[in-house]
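Each chain is listed here by its residues.
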Amino acid sequence: RSELRGMLGGGPMTLGCGDSEKAACAASIARARGLDLQDVYFFDDKANAVGSFRGSGMNAHQVSCASRDVGGYGLCGATPGEVSLTGGISNCR
């Protein structure tokens, strides 16, 4: 864990955030790094993780939309087209 934390920049909360807590964890990291919340972009294959960002002032997008399993998880990760610095919150359709 400590090696991974170092790779991620040693921020205050880079591991152990549940899906419903990811926005709070991201905000904590942004504050620790002196970043404006509007400059934070989050990508995840789970709709509930992305949904936790609503009203946060940060940007979040669901990815791996073309490859979903029966449980609603992405199978093969994001495609390059799904990762962009588009503002707002979006989920797979």
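Remember, it's a predicted structure, so these values are computed and weren't measured experimentally.

### Structural notes on the environment of Ala 30
Turning to its location among the elements, Ala 30 is positioned in helix 2 (residues 22-33). Along the sequence, Ala 30 and Val 40 sit 10 residues apart, while their C-alpha atoms lie 7.2 Å from each other. Apart from residues no more than four positions distant in its own chain, Ala 30 is found in contact with Leu 35, Leu 37 and Val 40.

### A short note on the pattern of salt bridges
One pass over the full model with this rule turns up three salt bridges. A salt bridge links Lys 22 to Asp 19; the shortest N-O distance between them is 3.4 Å. An identical accessibility class is assigned to Lys 22 and Asp 19; each is buried. Salt-bridge contacts for Lys 22 lead to Asp 44; the nearest nitrogen and oxygen are separated by 2.9 Å.

### As for the packing of aromatic side chains
Counting across every chain of the model gives one aromatic pair. Here Phe 42 and Phe 53 contribute two aromatic rings whose centre-to-centre distance is 4.5 Å and whose plane-to-plane angle is 20 degrees, an arrangement assigned as stacked. Of this pair, Phe 42 sits in strand 1 (residues 41-44) while Phe 53 is found in the loop between helix 3 (47-51) and strand 2 (59-62), placing the two residues 11 residues apart along the sequence.

Conventions and cut-offs
Residues numbered from 1 in each chain as written. Predicted model: local features only at pLDDT ≥ 70, side-chain atom pairs only at ≥ 80, totals over all residues. Heavy atoms only, no water. Helix = DSSP H or I, 4+ residues; strand = E, 2+ residues; numbered from the N terminus. Contact = heavy atoms within 4.5 Å. Salt bridge = Lys/Arg side-chain N within 4 Å of Asp/Glu carboxyl O. Buried < 20%, exposed > 50% of the residue type's maximum accessible area, 1.4 Å probe, protein only. Phe/Tyr/Trp six-rings, centres within 6.5 Å; stacked < 30°, edge-to-face > 60°.

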